[in-house]
Amino acid sequence: MQRFRFESVYFEPQIFQYELGKVLRDKFSNIPWIPIENHNNIEVLRNKPNSEFTRMKRLLIVGTRKTHRYTLNQKISDYLVPFTSSGCTAMCLYCYLVCHYNKCSYLRLFVNREEMLQRLMKKAAEGAKGTTFEIGSNSDLILENTITETLPDTIETFAKAEKGYLTFPTKFDQIAPLLTINHRGRVIFRMSVNPSELIQKIELGTSSLLARIDAVNRMCEAGYPAGILIAPVILVENWKILYQELLLTLAERLSGKVKRQLLIEIIFMSYSYVHRMINAEAFPLAPALYQKDLMTGRGMGKYAYRPELRQEGEVFFKDQMKKILPQAQIVYFS
């Protein structure tokens, strides 16, 4: 079980109207609790310098989610659903959740889970039978569950509905609480992977590659449909060697049961001016992910790999997948 050493909790006073708010108050009663008006705009944190980024990861924010707008997705899922958390305690140097400095850097937990779950089940009941809802696009639910312990009940409650599927990705391997629950095959478990060298240097505070692969095998054995995200693909100098080694490791370590039904998503890294500024001050010894010669602008303050490099990457992965993991299906590139 992941052990957290939060320094303090910032909380909206209304959280104690919910059972989870009371549970968290008892769980972290030994550290300061600081009241705030709005979890989405904590002025004292927004004004901190970039160098404070890693320390802010040791803060826990607890509130209620007010926004429940579902976004069409049409990739692995049909909808992206704002759910029970936002942000993370890990420090992946490219994290797309760090969109506005000191608003999305820390972990925020939302205690009105039952309201969100009821809304989700109602939406599922109104939709087509195979409609899939992505509930982990704003955070890592396996990580969150090590704190709240609510994910098993979320899955079991949703599984009782007549329609719909849930899905979420993770970079963590603490999946033991999910192995024995009655999920009725209604949850698609997806593990995000990268070469071990990049995990160690860039995906700071996440599970190792081998631990992630073991988690996929165990979840599939427990009856969950399982998928892999190779995400984000980072075009470092020796990227072809690293990603070929990754595919070979997957072929060797994934169980036959996983490989027979394996769906793979491949997502190329995007980066931003915000990342550059934070990483330069908070992680001065970390690899520089901005590569001027390889990247082009994509929207205000954002960067993506040049189209010809992305095309080269797609050709590489298609070719290597045919050779190394021929059973697997690439669902999409992004």
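Going by the structure above, here's the rest.
Analysis parameters
Residues numbered from 1 in each chain as written. Predicted model: local features only at pLDDT ≥ 70, side-chain atom pairs only at ≥ 80, totals over all residues. Heavy atoms only, no water. Helix = DSSP H or I, 4+ residues; strand = E, 2+ residues; numbered from the N terminus. Rg over C-alpha atoms; globule rule 2.2 N^0.38 Å. Buried < 20%, exposed > 50% of the residue type's maximum accessible area, 1.4 Å probe, protein only. Contact = heavy atoms within 4.5 Å. Areas by Shrake-Rupley, 256 points an atom, 1.4 Å probe, with all protein chains shown as cover. Pairing = 2+ DSSP bridges. 1 Å grid on protein atoms, 1.4 Å probe; cavity = no way out; pocket = protein on both sides within 12 Å on 5 of 7 lines; lining within 4 Å. Points joined across faces, edges and corners; volume = space filled by probe spheres on them. Axes fitted to C-alpha atoms, helices over the stretch in contact; angles between N-to-C directions. Parallel < 35°, antiparallel > 145°, perpendicular 65-115°, else oblique. Left-handed = near helix turned anticlockwise from the far one by under 90°. Nonpolar A, V, L, I, M, F, W, Y, C, P; charged D, E, K, R; others polar. Phe/Tyr/Trp six-rings, centres within 6.5 Å; stacked < 30°, edge-to-face > 60°. Lys NZ or Arg CZ within 6 Å of the ring centre and 35° of its normal.

1. Let's talk about the overall build of the protein chain
In terms of helices and strands, the protein chain carries 12 helices and 18 strands. The C-alpha atoms of the protein chain give a radius of gyration of 20 Å, which matches the 20 Å a tight globule of 334 residues would have. For the protein chain, the residues scored as buried account for 54% of the 334 residues in total. In the protein chain, 77% of the contacts between residues at least 6 apart in sequence involve partners at least 24 apart. Summed over all atoms, the accessible surface of the protein chain reaches about 15,500 Å², with 49% contributed by carbon and sulfur.

2. So, the pairing of strand 3 (residues 59-63)
Across the 5 residues of strand 3, 5 count as buried, placing the element largely inside the fold. Residues Leu59, Ile61 and Gly63 line one face of strand 3 and the alternating positions Leu60 and Val62 line the opposite face, and both faces are buried. Where strand 1 (residues 8-11) lies against strand 3, 4 bridges are found, and the strand directions are parallel. Bridge assignment links tyrosine 10 to a residue of strand 3, and that residue is isoleucine 61.

3. Quick notes on the sheet that holds strand 6 (residues 85-86)
The strand order across the open sheet formed by 5 strands is 2-1-3-8-6, and the pairing between neighbours is mixed. If you trace the sheet from one side to the other, it starts and ends with strand 2 (33-35) and strand 6, each paired once. Note that strand 1 and strand 2 share 3 bridges and pair parallel. Paired with tyrosine 10 across the two strands is isoleucine 34, which belongs to strand 2.

4. Observations regarding empty space enclosed by the protein
For the coordinates displayed, the defined rule picks out 2 cavities of 30 Å³ or more. The volume enclosed by the largest cavity comes to roughly 60 Å³. Elements represented by at least two residues in the lining of the largest cavity include exactly strand 7 (91-92) and helix 11 (273-282). Among the elements that take part in the lining of the largest cavity, helix 11 stands out by supplying 3 residues, more than any other. Estimated volume of the second largest cavity: approximately 30 Å³. Lining the second largest cavity are Phe83, Thr84, Arg113, Leu141, Glu144, Thr150, Leu151 and Thr154. At the level of secondary structure, the elements contributing two or more residues to the lining of the second largest cavity comprise helix 5 (141-148) and helix 6 (151-159).

5. A few points about the packing of helix 4 (residues 113-126) against helix 6
In contact at an axis separation of 11 Å, helix 4 and helix 6 are set at 30° when each is read in the N-to-C sense. Judged by the angle between their axes, helix 4 and helix 6 are roughly parallel. In terms of crossing hand, the pair formed by helix 4 and helix 6 is right-handed. Contacts from Arg113, Leu117, Leu120, Met121 and Ala124 in helix 4 reach Asp153, Thr154, Thr157 and Phe158 in helix 6. Taken together, the residues of the contact of helix 4 with helix 6 break down into 5 nonpolar, 2 polar and 2 charged.

6. Things to note about the pairing of strand 13 (residues 226-233)
For strand 13, the tally of buried residues reaches 8 of 8 residues, placing the bulk of the element in the interior. As defined by bridge partners, strand 11 (residues 187-193) adjoins strand 13 across 5 bridges and the pair is classed as parallel. Among the inter-strand pairings, valine 193 is bridged to a residue of strand 13, identified as isoleucine 230. Summarising the sheet, strand 13 and strand 14 (residues 263-268) pair through 5 bridges and their orientation is parallel. Each bridged residue has a counterpart across the sheet, and for isoleucine 228 the counterpart in strand 14 is isoleucine 264.

7. Comments concerning unusual backbone geometry
Here alanine 231 and proline 232 are connected by a cis peptide whose omega angle stands at -15°. For proline 232, the position within the fold is in strand 13. A positive phi angle is found at glutamate 149, which is not glycine, with a value near 60°. Of note, glutamate 149 is situated in the loop between helix 5 and helix 6. Under the relative-accessibility criterion, glutamate 149 is labelled exposed at 55%. Backbone geometry places arginine 184, a non-glycine residue, at a positive phi of 55°. By the secondary structure assignment, arginine 184 is in the loop between strand 10 (165-170) and strand 11.

8. A few points about the packing of aromatic side chains
On inspection of all chains with the given rule, the structure shows 14 aromatic pairs. Summarising the aromatic geometry, the rings of tyrosine 70 and phenylalanine 133 are spaced 6.3 Å apart at their centres and angled 70° between planes, so their arrangement reads as edge-to-face. Residue tyrosine 70 is found in the loop between strand 3 and strand 4 (71-72), and its partner phenylalanine 133 is found in strand 9 (residues 132-134); the two are separated by 63 residues along the sequence. Accessibility classification places tyrosine 70 together with phenylalanine 133 in one group, the buried group. Here tyrosine 290 and tyrosine 303 contribute two aromatic rings whose centre-to-centre distance is 4.6 Å and whose plane-to-plane angle is 45°, an arrangement assigned as tilted. You can see tyrosine 290 sitting in the loop between helix 11 and strand 16 (295-297) and its partner tyrosine 303 sitting in strand 17 (residues 302-305), a full 13 residues away along the chain. Look at tyrosine 290 and you get partly exposed, because its relative accessible area is 25%. What links up through ring pairs into an aromatic cluster is the set Trp239, Tyr243, Phe316 and Phe317. Between the NZ or CZ atom of arginine 276 and the centre of the ring of tyrosine 290, over which it lies, the distance is 4.0 Å.

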